Amino acid sequence: MDRFQLYIDGQFRDGAATFQSLDPATGTPWAEMPEAREAEVNAAVTAAHRAFRSGPWPKLTATARGKLLMKLADLVQAAAPRLAALETRDTGKIIRETSAQIAYVADYFRYYAGLADKIEGAHLPIDKPDMEVWTRREPVGVVAAIVPWNSQLFLSAVKIGPALAAGCTVVLKASEDGPAPMLEFARLVHEAGFPAGVFNVITGFGPTCGAVLTRHPLVDHIAFTGGPETARAVVRGSAENLASTSLELGGKSPFIVFDDADLDSAANAQVSGIFAATGQSCVAGSRLLVQSSVKDAFLAKLKAKAEAIRIAAPDEMTTEVGPLCTLRQRDRIERLVAESLTAGARLVTGGQTPEGAGFYYPPTILDCSSVPDAASVTQELFGPVLSVVAFETEDEALEIANATQYGLASGVFTASLTRAHRMIRGLRAGVVWVNTYRAVSPIAPFGGSGLSGHGREGGLAAALDYTTVKTVWLRT
Ligand code: NAD
């Protein structure tokens, strides 16, 4: 069986214990993972704190930090096939998606490499002739970055990139489900030549690892991606050290199709919007709101496309939907689909767990137009399940779209520019995609509000989140 190690203070080392990682395609163990508990968390945070206060890191110029990040980007690109294969093996995410996403990971590191020496303070024109006043943007300190299983390399890069560019040090806690790509990524950070302690990777379980990290007295900022319930625990932990937080949580994103939309283009976007990553995506367009007059035509297109999807082993390049990451996840999806069907939802396609090994679940469409408060409409399933609700008017579409405590992503498909503008204004979401879905770029901020969290990843705003402002008054 493969074995992995933690990366703490520039060294690869074992944890307090080990746990087995399952291959989601077969449900069988394939690797021994190191488990970090209190002692390892403490060692990692202490190393990050020391690296932040002394040693070469605080003395490096921003340009030098940028060069290290650029080197890391090149190493990530060169190691892409290995990283993609590991992520596929350990999480079940299909190889086509992991390979494509790693190109983005390198792009994010390049973007933040370029931004490192552009994080500026400002000169303030104070009303005193003998005083010079300005602000400095300084790194916030030790960052605890906590990520879930899906897209770990990507969700880590959007935290590590801006944090290191700003001059912070990082303890990354990889998910206990599928940590292999992050433990391997540590080798690239080591090879790039970052000073010991600047970047550390641990993994372990919520109560014995994550919770210890979030309340650690030497942690200054927590960048968390995961579910809202865990976020509450993270915020409670931060009540101990009063660390600042940025939270990227879940979503129940509306995908809105008007009767004047290009239905073929909308259907393609909807299929990848919900079934990519086997639905395990925070921005999954999991609520289809479709105008009644085109509902039947649009559902017919979706059903045909969903049934043509190739479900197979995640390491095959032609696979379009692979297994879910964990059995726990599949059990939950099965339960919520069954509840919705009992409540009166109509099964359009899917809904049957296949026989055999692995945590597979088919692309599923539920018409919930007669039960708009069914579990699958209101709760995040984090799986390949689309819930459909019909609407008559634009106002009604907006009302249904906003009838959720989440506020992450949204999609609008229409040929009317003026309607698109009205929807953009009215939607409560951190991202609005018009006639497209799921587009991302390192340049564009991403994040949500309400139950979807706060703070932004991507863009300059994310780098500023890892800084604090020092105001200087100088009598001349
Ligand atoms: P989760 O909340 O269960 O776990 C996330 C991480 O938190 C894991 O590393 C876990 O070990 C850790 N954790 C668990 N308990 C903790 C505690 N008490 N203190 C500190 N850390 C703790 O999330 P998950 O189920 O692995 O992932 C799915 C969730 O993540 C979904 O809700 C999804 O929408 C969300 N997500 C959001 C985004 C985004 O960018 N908004 C992206 C991907 C996933």
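Remember, predicted model here, so these are calculated numbers, not experimental data.

A.B. asks: Go over the domain arrangement of the protein chain, please, and point to the residues and values.
C.D. replies: We note that the domain assignment places domain 1 (2–249) and domain 2 (254–434) within the protein chain. For domain 1 and domain 2, the distance between their C-alpha centroids amounts to 31 Å. Contact with domain 1, which involves 17 residues of that partner, is made by 19 residues of domain 2. When residues of the side of domain 1 that touches domain 2 are traced back to their parent elements, those giving at least two are helix H3 (80–91) and helix H4 (95–115). Examining the composition of the side of domain 1 that touches domain 2, we find that three residues originate from one element, H4, more than from any other. For the side of domain 1 that touches domain 2, the per-class residue count stands at five nonpolar, seven polar and five charged.

A.B. asks: Residues and numbers for the packing of helix H2 (residues 62–78) against helix H5 (residues 152–166), please.
C.D. replies: Two elements in contact, H2 and H5, have axes separated by 8 Å at closest approach and are oriented at 155°. By the criterion of interaxial angle, the relationship of H2 to H5 is roughly antiparallel. For the pair H2 and H5, the contacting residues are Arg65, Gly66 and Leu69 in the first and Gly161, Leu164 and Ala165 in the second. Per-class residue counts for the contact of H2 with H5 are three nonpolar, two polar and one charged.

A.B. asks: So, the site of the ligand: which residues are in play, and what are the values?
C.D. replies: In the vicinity of the ligand there are 29 residues, among which Pro148, Gly206, Gly210, Gly226 and Gly250 approach most closely. Of all elements in the fold, only helix H7 (206–214) and helix H8 (228–241) reach the threshold of two or more residues within the shell around the ligand. Residues that form the shell around the ligand fall into these classes: 13 nonpolar, 12 polar and four charged. The residues that make up the shell around the ligand include at least three from each of domain 1 (2–249) and domain 2 (254–434).

A.B. asks: Kindly report on the sheet that holds strand S16 (residues 364–367), identifying the contributing residues and their values.
C.D. replies: With mixed pairing, the seven strands of this open sheet are ordered in space as S15-S16-S17-S14-S13-S18-S19. Edge positions in the sheet fall to strand S15 (346–349) and strand S19 (431–434), since each of these pairs with one other strand and no more. The average angle at which neighbouring strand axes cross in this sheet is 25°, direction not considered. With five bridges connecting them, strand S14 (residues 287–291) and strand S17 (residues 385–391) associate as parallel partners. When the sheet's bridge partners are listed, Val290 is paired in S17 with Ala390.

A.B. asks: Go over unusual backbone geometry, please, and point to the residues and values.
C.D. replies: The residue Leu242 is not glycine, and still its phi comes out positive at about 55°. The residue Leu242 is located in the loop between H8 and strand S12 (244–248) in this model. A positive phi angle is found at Phe382, which is not glycine, with a value near 60°. Considering the arrangement of structural elements, one finds Phe382 in the loop between helix H12 (375–378) and S17. Given 25 C-beta atoms within a 10 Å radius, Phe382 is considered buried.

A.B. asks: Residue-level account of the nonpolar core, with values.
C.D. replies: If you look at the biggest cluster of nonpolar residues, it comprises 85 residues, and the most contacted ones within it are Leu69, Phe109, Tyr112, Val170 and Val171. Once residues within four sequence positions are removed from consideration, Val170 is found in contact with Ala48, Val143, Ala145, Ile160, Ala163, Leu164, Phe199 and Asn200. With 64 residues, the next largest nonpolar core counts Ala267, Ala276, Leu366 and Val388 among its residues.

Reading the values: the criteria
Residues numbered from 1 in each chain as written. Predicted model: local features only at pLDDT ≥ 70, side-chain atom pairs only at ≥ 80, totals over all residues. Domains from an automatic or database assignment. Contact = placed C-beta atoms within 7 Å. Helix = DSSP H or I, 4+ residues; strand = E, 2+ residues; numbered from the N terminus. Nonpolar A, V, L, I, M, F, W, Y, C, P; charged D, E, K, R; others polar. Axes fitted to C-alpha atoms, helices over the stretch in contact; angles between N-to-C directions. Parallel < 35°, antiparallel > 145°, perpendicular 65-115°, else oblique. Near = placed C-beta within 6 Å. Pairing = 2+ DSSP bridges. Buried ≥ 20, exposed ≤ 12 C-beta atoms within 10 Å, placed from the backbone. Core = buried A, V, L, I, M, F, W, Y, C linked by C-beta atoms within 7 Å.

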